[in-house]
Amino acid sequence: LHDHTIQANVTDIEGQMALFDRLILPVGMAKVVDLAAGSFQQFFSVMAQIDFIHDARQRGIEPIALFIAAPDAVSQRAYAELQRGLPELLLVPVYNEAIAHGHRARQNFPPARSISLPIQIPALAPHFYRYLERPPFSFTEFRSTPPRDIPLDAYMELLRWLRRAFVEFRELELRLLLGEVRASLLRGAS
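All of these numbers come straight from a predicted model, not from anything done at the bench. (Residues numbered from 1 in each chain as written. Predicted model: local features only at pLDDT ≥ 70, side-chain atom pairs only at ≥ 80, totals over all residues. Heavy atoms only, no water.)

Side note on the packing of aromatic side chains
Part 1 of the reasoning: Throughout the structure, instances matching the rule amount to 8 aromatic pairs.
Part 2 of the reasoning: Through pairs of rings, three or more aromatic residues link up here, namely Phe 20, Phe 40, Phe 43, Phe 44, Phe 52, Phe 67, Tyr 79 and Phe 109. (Phe/Tyr/Trp six-rings, centres within 6.5 Å; stacked < 30°, edge-to-face > 60°.)

Rendered as C-alpha cells:
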C-alpha cells in the first residue's frame, strides 16, 4: 500500500499544484485524499479557486467528498459550508455508527442530492479492535488471506462486517452510474 500513497502539502502553491495535477490524471483507478482537519479548509478553497470539479468532469472524473458525520458542531458547520461553497461537488455524508451512534446525523448532515445518499458504516464490536490495531494491519490483505492470529469465528465476523461496508460503496457507485445513464438519456432526448 505504501507504494500507492503520497503525502501532499496544500499549504504552498507548489504542493497544491502537485496534488491537483496528480488528482486530475486519468489512470483508471480511484484516488483518495484523506484530509486532516487542519487541511480541510485550504484544500476545498483551492479546489474552488481553480474550478477543479469542472476540469475533472471534463476529463471523465467525478470528484466525491465523503464527509464523516461527527456529532460536534464544528463538523456540522463545515459540512454546511462545504455544501454552500461547492454546490457542484458530490458531497456524501458517512454515518459511521462507531463515531456518531445515536446522534441526529440525518438531520445535521442532509444529502444535497438524491445521488449523494449517505453511506452507513455499521459499528464493529469493540472486542474486534484488538485484531485491527496490530500493525501492519491491512484490510486488503485481510480479505485475501486469513491472519493466523485471529480465530476463525472472529475472522468470519470481521469479513461479514467488511462486506457490509463494501456494499455501501458499491451502492454509491451504482447511484453514480444510474445518474450518468439518466443524464445521457436526457441529453439524447433533447
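Some details on the sheet that holds strand S1 (residues 64-68)
Part 1 of the reasoning: One open sheet holds the 3 strands; their spatial order is S1-S2-S3, and the pairing between them is parallel. Two strands close off the open sheet at either side, each with one partner strand: S1 and strand S3 (119-121). The mean inter-strand angle of the sheet, taken between neighbouring strand axes irrespective of direction, is 25°.
Part 2 of the reasoning: Both strand S2 (residues 90-96) and S3 contribute to a ladder of 3 bridges, which runs parallel. Residue Tyr 95 lies in a different strand from S3, and its bridge partner there is Gln 120.
Part 3 of the reasoning: Here helix H8 (residues 152-189) sits on the sheet in contact with S1, S2 and S3, set at roughly 175° to S3. (Pairing = 2+ DSSP bridges. Helix = DSSP H or I, 4+ residues; strand = E, 2+ residues; numbered from the N terminus. Axes fitted to C-alpha atoms, helices over the stretch in contact; angles between N-to-C directions. Contact = heavy atoms within 4.5 Å.)

Re the pairing of S1
When a strand is regular, its side chains alternate between the sheet's two faces.
Part 1 of the reasoning: Residues Ala 65 and Phe 67 of S1 are buried on one face, while the alternating residues Ile 64, Leu 66 and Ile 68, pointing to the opposite face, are not.
Part 2 of the reasoning: One ladder, built from 5 bridges, connects S1 with S2; its direction is parallel. Paired with Ile 68 across the strands is Val 94, a residue of S2.
Part 3 of the reasoning: Handedness of the crossover joining S1 and S2 through helix H4 (residues 73-85) is recorded here as right-handed. (Buried < 20%, exposed > 50% of the residue type's maximum accessible area, 1.4 Å probe, protein only. Right-handed = clockwise from strand over helix to strand, strands pointing away.)

Quick look at the packing of helix H1 (residues 13-24) against helix H2 (residues 37-49)
Part 1 of the reasoning: Close contact between H1 and H2 brings their axes to 12 Å; oriented N to C, the two are set at 65°. Between H1 and H2, the crossing angle belongs to the class labelled roughly perpendicular. Judged by the sense of rotation from one axis to the other, the crossing of H1 with H2 is right-handed. Contacts between H1 and H2 involve Gln 16, Leu 19, Phe 20 and Leu 23 on the former and, on the latter, Gln 42, Phe 43, Val 46 and Met 47. (Parallel < 35°, antiparallel > 145°, perpendicular 65-115°, else oblique. Left-handed = near helix turned anticlockwise from the far one by under 90°.)

Brief notes about the environment of Ala 30
Part 1 of the reasoning: Examined against the element boundaries, Ala 30 turns out to sit in the loop between H1 and H2.
Part 2 of the reasoning: Judged by its relative accessible area of 70%, Ala 30 is exposed.
Part 3 of the reasoning: Measuring from C-alpha to C-alpha, the distance between Ala 30 and Pro 63 comes to 9.7 Å, with 33 residues separating the pair along the chain.

Here's the deal with H4
Part 1 of the reasoning: The first and last C-alpha atoms of H4 sit 18 Å apart over 13 residues, in line with the 18 Å expected at 1.5 Å per residue.
Part 2 of the reasoning: Contacts made by the buried residues of H4 are with H2, S1, S2 and helix H5 (105-108).
Part 3 of the reasoning: Among the residues of H4, the N-terminal cap falls to Asp 72, whose side-chain oxygen and the backbone nitrogen of Val 74 are separated by 3.3 Å. (Expected span 1.5 Å × (residues − 1). Polar contact = N/O pair within 3.5 Å; in protein donor to acceptor, adjacent residues only side chain to side chain.)

Some points on the environment of Ala 56
Part 1 of the reasoning: Position of Ala 56 among the secondary structure elements: in helix H3 (residues 52-58).
Part 2 of the reasoning: By relative accessible area, Ala 56 is classed as buried at 0%.

Quick word on the pattern of salt bridges
Part 1 of the reasoning: Following the criterion strictly, the structure yields 2 salt bridges and no others.
Part 2 of the reasoning: A salt bridge links Arg 57 to Glu 62; the nearest nitrogen and oxygen atoms lie 2.8 Å apart.
Part 3 of the reasoning: Classification of Arg 57 as partly exposed rests on a relative accessible area of 33%.
Part 4 of the reasoning: Residue classification places Glu 62 among the partly exposed positions, given a relative accessible area of 32%.
Part 5 of the reasoning: Among the ionic pairs, Arg 160 bridges to Glu 157, the shortest N-O distance being 2.9 Å. Here the residue Arg 160 and the residue Glu 157 both occupy positions in helix H8, the gap between them amounting to 3 residues, near one helical turn.
Part 6 of the reasoning: According to the relative accessible area criterion, Arg 160 is partly exposed, its value standing at 43%. (Salt bridge = Lys/Arg side-chain N within 4 Å of Asp/Glu carboxyl O.)

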